[in-house]
Amino acid sequence: MSTTGTTTFNLDMNDLIEEAFERVGLEVRSGYDFRTARRSLNLLTIEWANRGINLWTIEQGQIVMNTQQAIYALPVDTIDILDAVTRTNNGSQSNQIDINLSRISESDYITIPNKNANGRPIQMWINRQSGGSSVIPQTTLAAAITSTDQTTITLTNASNLPTQGFINIGSETIGYQNIVNNQILNAWRGQNGTTAATHSNGADVFNNQLPSINVWPTPNPPGNQYTLVYYRMRRIQDAGGGVRTQDIPFRFIPCMAAGLAYHLSIKIPGVDPGRIPLLKADYEQQWQLAADEDRDKAPLRVVPRNMFYYR
């Protein structure tokens, strides 16, 4: 007897929803059943992000740091930053040097006396914003800007803007660190993977609540080029159409089927009430099995710190 020789089993959206409905004791009978299951599936993956680190969603990113720029935008689907370093001589095989960035709280960051001090960045505060974008009332460009205008942007009304952050004009994201009257000073064009462009007088301005990293001290003047290298945890991708598989590793398929069945059981009329606690228990067991496997296998080494006091 020969084996199949394949290891490709997965469940597309249709099969996953059918499996969940069968566990509930029902059948998929309408388009609404499919739609409500997909909604529950999206809520389930958000719940997983709140339960802890999902290793398959960890990605590396790099941002070239600019002189005296303290705030750097992160991709909008970023949940959190796990680790980050300041890198010099990026790409050099012999001279590349990484120095760890220590994470500090908002309370620690705001108490730094001189946030514009120059040097090699050694600390970071992660500002975990929602990633949403909104129109700023009564705010448009007061003067046209070209793709080469770098530092100052004049608005009709800047009173509704945060004192530092990000705005969107057209498809371009612009970072800034200071506002005086109705002028954005120290603007950084083409942030978050966008490109600096020309914008006409009267163009709409959007406030962009991007997650970001604030570093201290700000990078040195030219001559010391730094790259911010980080590992981030991103959101799990949305549930797709019927022929799409989910953004999970194979070992989480039983957990996803069990979790979807439980979520459906608590909202669909006619489900046997005695089945609901069984589905919940199965979901929690499958989650624990998958979560225990989805972890770093590196050994933990604890070194005591000895302190001596002399009189």
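As a starting point, this report considers the structure included with it. On a predicted model such as this, the values are computed, not experimentally measured, just so you know. Residues take numbers from 1 onward in each chain, read along the sequence in its written order. Side-chain atom pairs in this predicted model are given and counted only at pLDDT of 80 or more, local residue features only at pLDDT of at least 70, and totals for whole chains, interfaces and linings cover all residues. Side-chain figures throughout are based on the complete set of non-hydrogen atoms in the structure, without hydrogens or water.

## Looking at the sheet that holds strand 5 (residues 102-103)
So, point 1. With mixed pairing, the four strands of this open sheet are ordered in space as 2-15-6-5. Each edge of the open sheet is held by one strand with a lone partner, namely strand 2 (71-73) and strand 5.
So, point 2. As judged from the two bridges shared by strand 5 and strand 6 (residues 123-127), these two strands associate in the parallel manner. Opposite Arg103, over in strand 6, you have Met124 as the bridge partner. Two strands are counted as paired when DSSP detects at least two bridges linking them. Numbering goes from the N terminus for both helices and strands, where a helix is a DSSP run of H or I of at least four residues and a strand is a run of E of at least two.

## Describing the nonpolar core
Side chains of nonpolar character tend, in soluble globular proteins, to be buried together.
So, point 1. What we call a nonpolar core is a set of buried Ala, Val, Leu, Ile, Met, Phe, Trp, Tyr and Cys residues that are connected through their side-chain atoms within 4.5 Å. Type-normalised accessible area, obtained with a 1.4 Å probe on protein chains alone, sets the label of each residue: buried when under 20%, exposed when over 50%, and partly exposed for intermediate values. Ranked by internal contacts, the top residues of the largest apolar core, which has 31 residues, are Leu41, Trp48, Phe252, Leu264 and Tyr283.
So, point 2. Listed by contribution, the elements that provide at least two residues to this core are helix 1 (13-24), helix 2 (31-51), helix 4 (253-265) and helix 5 (275-293).
So, point 3. The element that contributes the greatest number of residues to this core is helix 4, accounting for nine residues.
So, point 4. In this description, contact between two residues means that some pair of their heavy atoms is separated by no more than 4.5 Å. Apart from the residues lying within four places of it in its own chain, the contact partners of Leu41 are Met13, Leu16, Ala239, Gln246, Met256 and Leu260.
So, point 5. One finds Ala158, Ala187, Ala203 and Val205 within the second-largest nonpolar core, a separate group that totals 15 residues.

## Structural notes on the sheet that holds strand 11 (residues 178-180)
So, point 1. With antiparallel pairing, the three strands of this open sheet are ordered in space as 8-12-11. Two strands bound the open sheet, and with one partner strand each, they are strand 8 (153-154) and strand 11.
So, point 2. By the bridge criterion, three bridges tie strand 11 to strand 12 (residues 183-185) in an arrangement that is antiparallel. Across the sheet, residue Ile179 finds its bridge partner in strand 12, namely Ile184.

## Re the environment of Asn182
So, point 1. Among the structural elements, Asn182 can be located in the loop between strand 11 and strand 12.
So, point 2. Taking C-alpha positions, Asn182 is 59 Å from Val24, a pair spaced 158 residues apart along the chain.
So, point 3. Every residue in contact with Asn182, bar those within four places of it in the chain, is listed here: Ile153, Thr154, Leu155, Thr156, Asn157 and Ala158.
So, point 4. A distance of 3.5 Å separates the side chain of Asn182 from the backbone oxygen of Thr156, its partner in a polar contact. Side-chain atoms alone can form a polar contact between residues adjacent in sequence; in general such a contact is a pair of N or O atoms within 3.5 Å, and within protein one must be able to donate a hydrogen while the other accepts it.

## Examining the packing of aromatic side chains
So, point 1. The pairing test for Phe, Tyr and Trp rings, Trp by its six-membered ring, is centres within 6.5 Å, and the orientation test on the planes gives stacked under 30 degrees, edge-to-face over 60, and tilted for anything in between. Tallying each qualifying case throughout the model produces six aromatic pairs.
So, point 2. Their ring planes at 55° and their centres at 4.8 Å tell us that Trp56 and Phe252 sit as a pair that is tilted. Here Trp56 is found in the loop between helix 2 and strand 1 (58-64), whereas its partner Phe252 is found in the loop between strand 16 (226-234) and helix 4, with 196 residues between them in sequence.
So, point 3. Under the relative-accessibility criterion, Trp56 is labelled buried at 17%.
So, point 4. On the basis of an interplanar angle of 25° and a centroid distance of 5.6 Å, the ring pair of Tyr109 and Trp125 is categorised as stacked. Pair noted here: Tyr109 is in helix 3 (residues 106-110) and Trp125 is in strand 6, with a separation of 16 residues, a long-range link. The pair formed by Tyr109 and Trp125 is uniform in burial state, with each residue classed as buried.
So, point 5. Directly above the aromatic system of Trp287 lies the positively charged group of Arg51, at a separation of 5.0 Å from the ring centroid.
So, point 6. A ring is scored as having a charge over it whenever the NZ atom of a lysine or the CZ atom of an arginine sits within 6 Å of its centre and within 35 degrees of its normal. Its end group placed over the ring of Tyr109, Lys115 keeps NZ or CZ at 5.6 Å from the ring centre.

## Quick notes on the pairing of strand 9 (residues 165-169)
So, point 1. Burial runs high along strand 9: five of the five residues are buried.
So, point 2. Residues of strand 9 alternate between two faces, with Gly165, Ile167 and Ile169 on one and Phe166 and Asn168 on the opposite face, all of them buried.
So, point 3. Alignment of strand 9 against strand 10 (residues 172-176), held across five bridges, turns out to be antiparallel. Directly across from Phe166, in strand 10, lies its bridge partner Gly175.
So, point 4. Hairpin remark: strand 9 followed by strand 10, antiparallel, with two residues in the connecting loop; positive phi at Gly170, about 65°.
So, point 5. Relative to strand 14 (residues 204-208), strand 9 runs antiparallel, the two sharing three bridges. Note that in strand 14 the partner of Ile167 across the bridge is Asn207.

## Section: the side chain of Asn220
So, point 1. Considering the arrangement of structural elements, one finds Asn220 in the loop between strand 15 (212-216) and strand 16.
So, point 2. Its relative accessible area of 17% is what places Asn220 among the buried residues.
So, point 3. At a separation of 3.1 Å, a polar atom in the side chain of Asn220 contacts the main-chain amide nitrogen of Gly119.
So, point 4. There is a polar contact of 3.2 Å between the side chain of Asn220 and the backbone nitrogen of Arg120.
So, point 5. The contacts of Asn220, once residues within four sequence positions are left out, are Thr67, Asn118, Gly119, Arg120 and Tyr226.

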